[in-house]
Amino acid sequence: MTVDAAARTEAVTAIFRRVLEQPQATPDEDFFELGGDSLLATRVLSAVAREFQVELTFEDFLLAPTGAALAARLGAAA
């Protein structure tokens, strides 16, 4: 499945919003500053893997903790 960068960013940000229960979260907000922790991050990674069929690591998440950055990393890994 090919997904353009904007759609990928919106999808990852929607996952952040759902997991964090923060409906107003934007693509440029840091997951951890929004109240996320390592356990919630694993839920995000699992949801990303289900939606995009790409496995990212926790290190990927730490290096790219915003919806936009994680989506870009996801695009590079796809």
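Note that the coordinates shown come from a computational prediction; the quantities given were computed from them, not determined experimentally.

Colleague: Go over helix α2 (residues 38–52), please, and point to the residues and values.
Modeller: Relative to the 21 Å expected for 15 residues at 1.5 Å per residue, α2 spans 21 Å between its end C-alpha atoms, a close match to the ideal helical length. Buried residues belonging to α2 abut α1 (5–20), α3 (58–63) and α4 (67–77). A side-chain oxygen of the first residue of α2 lies 3.1 Å from the backbone nitrogen of leucine 39; this N-cap is aspartate 37. Residue glutamine 53 follows α2 closely and has a positive phi angle near 55 degrees.

Colleague: Give a description of the nonpolar core that names residues and reports values.
Modeller: Ranked by size, the top nonpolar core spans 23 residues in total, and within it Phe31, Val44, Phe61 and Leu70 carry the most contacts. Listing elements by their share of this core, those giving two or more residues are α1, α2 and α4. Of the residues forming this core, the biggest block, 7 residues, is contributed by α2. In this view, valine 44 contacts Ile15, Phe16, Val19, Phe31, Phe61 and Leu70; residues no more than four positions away in its chain are not counted.

About the cut-offs
Residues numbered from 1 in each chain as written. Predicted model: local features only at pLDDT ≥ 70, side-chain atom pairs only at ≥ 80, totals over all residues. Heavy atoms only, no water. Helix = DSSP H or I, 4+ residues; strand = E, 2+ residues; numbered from the N terminus. Expected span 1.5 Å × (residues − 1). Contact = heavy atoms within 4.5 Å. Polar contact = N/O pair within 3.5 Å; in protein donor to acceptor, adjacent residues only side chain to side chain. Core = buried A, V, L, I, M, F, W, Y, C linked by side-chain atoms within 4.5 Å. Buried < 20%, exposed > 50% of the residue type's maximum accessible area, 1.4 Å probe, protein only.

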